[in-house]
Every structure is written in C-alpha cells, then in structure tokens.
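Read off the chains here:
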Amino acid sequence: MALSTDERSLLTLITKSPEPVGDVRLFPRAESPAPGMNEHHPSHEEWLLRQIEWHSVSVELWQRDLVRVVVPANGERGDMVEPTEAGRAALAAY
C-alpha cells in the first residue's frame, strides 16, 4: 500500500506512541504559529493551510483503516487513535 510522505510521517509518529494519541498533537507546528505571527502576518495563511493539510492526512489514514479511534472526541480534546494492523503493515513495507 502506497503512502504519501505526510501519511507515512504521521503514521510513524502514531505507531511510535506507547498509548493512543490525539494525532493533532503530532502535527508539525500544530500547537501555535511562530511568536508574533497573527492573522495579519504574511506567513499566517501558509501556516494555516498546512495545518488543514495535516487534518486531511489524519482523516485519510482513518478512511484507509490505517488508524482506528479508540477514545472518541469529547469536546475538550480530539479523537485518540492507534495504528491498526494494516497501518503497521503499510509502514513495514517501507
């Protein structure tokens, strides 16, 4: 099963976690934009679009049954996920 670079990166991080993880914590630079980067900063839109791309990668992993939700979102945090056997196998192919 072919994985994009982003899919492989995110799935690797999820797989390395010893317990279910809220995958949004793993997104590069997801916590906040660089200091001083508000919505008027020239780089803010690029940062925001990249965060949206990471959410799309996360959804794609779930849709392809490479991760499963083990603790559903509760309004305070997002879904907690872990890799499936198919996800581990997809990584092993690389």
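Draft legend 1. View of the overall build of the chain. Within the chain, the secondary structure is distributed over three helices and two strands. Sorting the 94 residues of the chain into buried and exposed places 29% on the buried side. Long-range contacts, defined here as pairs at least 24 residues apart, represent 53% of the contacts in the chain between residues at least 6 apart. A total accessible area of about 6,100 Å² is found for the chain, and carbon and sulfur atoms account for 55% of it.

Draft legend 2. Main features of the side chain of Thr84. Looking at the secondary structure, you find Thr84 in the loop between strand S2 (80-83) and helix H3 (85-92). If near-sequence neighbours (up to four positions away) are discounted, Thr84 is found in contact with Asp65, Leu66, Val67 and Arg68.

Draft legend 3. Quick look at the pattern of salt bridges. Summed over all chains, the structure comprises four salt bridges. Note that Arg50 and Asp6 form a salt bridge whose closest N and O atoms lie 3.0 Å from each other. One end of the pair, Arg50, is in helix H2 (residues 44-63); the other, Asp6, is in helix H1 (residues 5-16), with 44 residues separating them in the sequence. The exposure class assigned to Arg50 is partly exposed, which follows from its relative accessible area of 22%. One salt bridge in this structure joins Glu7 and Arg64, with 2.9 Å as the shortest N-O distance.

Draft legend 4. Structural context of the packing of H1 against H3. At a closest axis distance of 10 Å, the pairing of H1 and H3 adopts a crossing angle of 120°. When the axes of H1 and H3 are compared, the pair comes out oblique. Here H1 runs over H3; the crossing is left-handed. Along its contact with H1, which presents Arg8, Leu11, Thr12 and Thr15, the element H3 presents Gly87, Arg88 and Leu91. Tallied by class, the residues present in the contact of H1 with H3 amount to two nonpolar, three polar and two charged.

Draft legend 5. A look at the packing of aromatic side chains. Applying the stated criterion across every chain, the model contains zero aromatic pairs. Taking the ring centre of Tyr94 as reference, the NZ or CZ of Arg8 above it sits at 4.5 Å.

Draft legend 6. Broad picture of the environment of Leu61. With respect to the helices, strands and loops of the structure, Leu61 is situated in helix H2. Once the C-alpha coordinates of Leu61 and Leu10 are considered, the two residues, 51 residues apart in sequence, prove to be 8.8 Å apart. When neighbours within four sequence positions are excluded, Leu61 is seen to be in contact with Glu7, Leu10, Leu11, Ile14, Leu66 and Val67.

Draft legend 7. Representation of H3 within the structure. For H3, the set of buried residues is Gly87, Ala90 and Leu91. An end-on view of H3 places all buried positions within 95° of arc, on one side of the element. The exposed residues of H3 that point more than 90 degrees off its buried face are Glu85 and Ala92. Looking at the packing, one finds that the buried side of H3 touches H1.

Criteria and cut-off values
Residues numbered from 1 in each chain as written. Predicted model: local features only at pLDDT ≥ 70, side-chain atom pairs only at ≥ 80, totals over all residues. Heavy atoms only, no water. Helix = DSSP H or I, 4+ residues; strand = E, 2+ residues; numbered from the N terminus. Buried < 20%, exposed > 50% of the residue type's maximum accessible area, 1.4 Å probe, protein only. Contact = heavy atoms within 4.5 Å. Areas by Shrake-Rupley, 256 points an atom, 1.4 Å probe, with all protein chains shown as cover. Salt bridge = Lys/Arg side-chain N within 4 Å of Asp/Glu carboxyl O. Axes fitted to C-alpha atoms, helices over the stretch in contact; angles between N-to-C directions. Parallel < 35°, antiparallel > 145°, perpendicular 65-115°, else oblique. Left-handed = near helix turned anticlockwise from the far one by under 90°. Nonpolar A, V, L, I, M, F, W, Y, C, P; charged D, E, K, R; others polar. Phe/Tyr/Trp six-rings, centres within 6.5 Å; stacked < 30°, edge-to-face > 60°. Lys NZ or Arg CZ within 6 Å of the ring centre and 35° of its normal. Arc of directions from axis to C-beta.

So yeah, pure geometry; function would need other evidence.
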